[in-house]
Amino acid sequence: MLELARLSKAFGGVRAVDELTLDLPRGAVFGLIGPNGSGKTTIINLISGLYTPTSGEILFEGGKIGGMPSHRIVRRGIARTFQNMRLFSELSVEDNIRVFQAPHTRKIGDWLGTRQMSGNSPLHEKVEELLHKLALTKLRREMAGNLSLGEQKRLEIARALATEPSLLLLDEPAGGMSFQEIKALGELLRNLVAQGLTIMLVEHNMRFVMAIAQRIAVLNFGRLIACGSPQEVRSNRTVIEAYLGNE
Amino acid sequence: MGYVETILSVTGLNIILALSVYFSLTVGQFSLAQVGFWAIGAYGSATLTALFGWPLIPALMAVALVCGIIGVILGFPCLRIRGIYLALATLGFSQVAAQLLGNLQFRIAVEGVLRGPEGLVGFRNIPVLTSVYGIYVFVALLVAVLWWIGRTRFGMALAAVRDDDVAAEFAGINVVFVKVTMFALGAAVAGIGGGLFANYTSFISAQDFGFHQTLFSLLYVAVGGIFTFIGPVVGAILLTVLPEYVRFLGENRAIFYGVIVLVIMLLRPRGLIDRSNLSAVRKLWRSKTATRTGA
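Residues numbered from 1 in each chain as written. Chains lettered and ligands numbered in written order. Predicted model: local features only at pLDDT ≥ 70, side-chain atom pairs only at ≥ 80, totals over all residues.

S.K.: What exactly am I supposed to notice about the overall build of chain A here?
M.R.: The secondary structure content of chain A amounts to ten helices and ten strands. Projecting the C-alpha coordinates of chain A onto the three principal axes gives extents of approximately 55 × 40 × 35 Å. Taking all 247 residues of chain A together, the buried fraction comes to 41%. Long-range pairs, those at least 24 residues apart, make up 64% of the contacts in chain A between residues at least 6 apart in sequence. (Helix = DSSP H or I, 4+ residues; strand = E, 2+ residues; numbered from the N terminus. Buried ≥ 20, exposed ≤ 12 C-beta atoms within 10 Å, placed from the backbone. Contact = placed C-beta atoms within 7 Å.)

Below, the structure is given as structure tokens:
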């Protein structure tokens, strides 16, 4: 589904991602772990179009997407969330979700009509579904800036799902969430994968990643040091020395 | 033209100028280029109507198109800069446009009489083709369009771009397209405003498009508030009408003007109309409607 071929990103003299080659299988949770500064978020930024690769290729469904503008990548079916959340604080919860339906708002009438926001349109039904799925229905008219951290994280995921992606890039979605919220998030992600979604998960909560990911890649200084099932990664000596040994 | 009619007309024209600034503000860009587009619209419409005998509406459509195209050309490089740098670049455009047009000098024989812009002397004998009613028809049209946009998904996309353009890009919104579109629309509105101004006053000169006019366009929006289109409308009305009450101060009216702006900015730094008083009005409206319907 997604292929990174000898992908590199340099900032001045620092190589944040160095000759990385990865292949993401369809319909699975793919964990991306590593110490701070190992290049995890840079990879998400490269795949989502925020950064242009210095060298190498990013192939999605067989087509090159490296260096493509982000809005076109989203329209191809890749959505993302942010480690430092970027909610539209001056818009309500439901309007935050509606904005992310832009890839499916194709007709002029959908953009300039008010009817499309009422109760009988497919776009509106999708908003209702996401509000329900992410337990945000009661907060629908609340300004996004007034939500708790956990609620904001749920809204970020709801927004990303509103683009109806086939690949979802999650950058530390469990950060700041309570135990109950993490449990609910795990269930949600499993359901989404069961419905055919592919997820790339960057997360520091090892228990969460190990429980939910089918495959895990471990990075250190922008390089891939291991890739395999959670069991293989957990017992890998290099990974233990570079990362897990500190846990 | 009576005194009241003149004040009403000037207020209407200032509302158009303020709303033209608001168009690019909807996507978070503070443009000072509007007076430049206003000058292009004024000289363009004056030339088409006075020298070539065009009716007003086609002339206004033509200047709107020209200003819109210039807006697109100017809009792309302006996307790369923000804040004070964007303000300086757009101010530079206004000054260049006003100076070039203010020095324009050519004459064409119209029905045996030589007419045209005479450089610093200005452009005289522009046919009066609009009135206070014509100005307010356009104001009403603009307000209706902005009110409508605010209720649509496009309006929501604009709010998203203003709030966080990076996140808006990840929502699948073509931020460059949206920003350039709003910049060009603001330019077209300013062009039409300039055309109405020229065909209302019948005389224009470089002095009408100076730095002070750019400053006023900024103050209307800053004083009224940038959160909704109602802000620039209120700002333009207030800053046009209030100084008329202190005409007895003569030249010192400028001091009064400065004091008004200073007090408002100190008391309401986000402008007179912001989210808090707007939602208070909405709540009041809802409660009154509920009482009336017995709900």
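S.K.: When you look at the interface of chain A and chain B in this model, what are you seeing that I'm missing?
M.R.: Interface extent is often summarised as the accessible area lost during association of the parts. Each side of the interface is counted separately: chain A has 26 residues, and chain B has 18 residues. Looking at the side of chain A that touches chain B, the elements that each hand over two or more residues are α2 (70-76), α3 (93-99) and α4 (108-112) of chain A. Of the residues belonging to the side of chain A that touches chain B, the class tally is ten nonpolar, nine polar and seven charged. (Nonpolar A, V, L, I, M, F, W, Y, C, P; charged D, E, K, R; others polar.)

S.K.: Explanation requested: the packing of helix α6 (residues 153-163) of chain B against helix α8 (residues 175-201) of chain B in the structure shown.
M.R.: When two helices pack together, their arrangement is captured by the angle between the axes and the distance separating the axes. Residue and element names in this part refer to chain B. At a minimum axis separation of 11 Å, α6 and α8 run at an interaxial angle of 105°. Looking at the two axes, α6 sits roughly perpendicular to α8. Each of Ala 157, Leu 158 and Val 161 in α6 lies in contact with α8, whose residues at this interface are Val 175, Val 178, Lys 179 and Met 182. (Axes fitted to C-alpha atoms, helices over the stretch in contact; angles between N-to-C directions. Parallel < 35°, antiparallel > 145°, perpendicular 65-115°, else oblique.)

S.K.: Got a minute to help me understand the sheet that holds strand β4 (residues 55-60) of chain A in this structure?
M.R.: What links the strands of a sheet is backbone hydrogen bonding, and the strands pair in either a parallel or an antiparallel sense. Residues and elements named next belong to chain A. Taken in spatial order, the four strands make up an open sheet running β2-β1-β4-β5, and their pairing is antiparallel. On the outer flanks of this sheet lie β2 (14-24) and β5 (63-64), each paired with one strand and no other. Of the pairings in the sheet, the one linking strand β1 (residues 2-11) to β4 comprises five bridges and is antiparallel in character. Looking across to β4, one finds that Glu 3 is bridged to Leu 59. Helix-sheet contacts for helix α1 (residues 40-47) involve β1, β2 and β4, and the interaxial angle to β2 is about 65°. (Pairing = 2+ DSSP bridges.)

S.K.: Teacher, can you tell me more about the nonpolar core here?
M.R.: Within soluble globular proteins, side chains that are nonpolar generally end up buried alongside one another. In this structure, Leu 201 of chain A together with Ala 18, Ala 39, Ala 157 and Ala 160 of chain B are the most contacted members of the largest nonpolar core, which totals 155 residues. The element best represented in this core is α8 of chain B, accounting for 16 residues. (Core = buried A, V, L, I, M, F, W, Y, C linked by C-beta atoms within 7 Å.)

S.K.: I tried to follow the pairing of strand β7 (residues 167-171) of chain A on my own but got confused; where do I start?
M.R.: Residues and elements named next belong to chain A. Of all five residues in β7, five are buried, a share of seventy percent or more. Going residue by residue along β7, you find Leu 167, Leu 169 and Asp 171 tucked away on one face and Leu 168 and Leu 170 tucked away on the opposite face as well. Across five bridges, the pairing between β7 and strand β8 (residues 198-202) is parallel. What sits directly across from Leu 167, in β8, is Thr 198. In this fold, β7 hands off to helix α7 (residues 179-194), which returns the chain to β8; that crossover is right-handed. (Right-handed = clockwise from strand over helix to strand, strands pointing away.)

S.K.: Can you help me understand α6 of chain B in this one?
M.R.: Structurally, the α-helix is built with 3.6 residues per turn, so residues lying three or four positions apart point the same way. Across the eleven residues of α6 of chain B, ten count as buried, placing the element largely inside the fold. Every buried residue belonging to α6 of chain B is among Arg 153, Phe 154, Met 156, Ala 157, Leu 158, Ala 159, Ala 160, Val 161, Arg 162 and Asp 163 of chain B, and all of these are buried. Next to the buried residues of α6 of chain B lie α3 and α4 of chain A together with α5 (132-150), α7 (165-170) and α8 of chain B.

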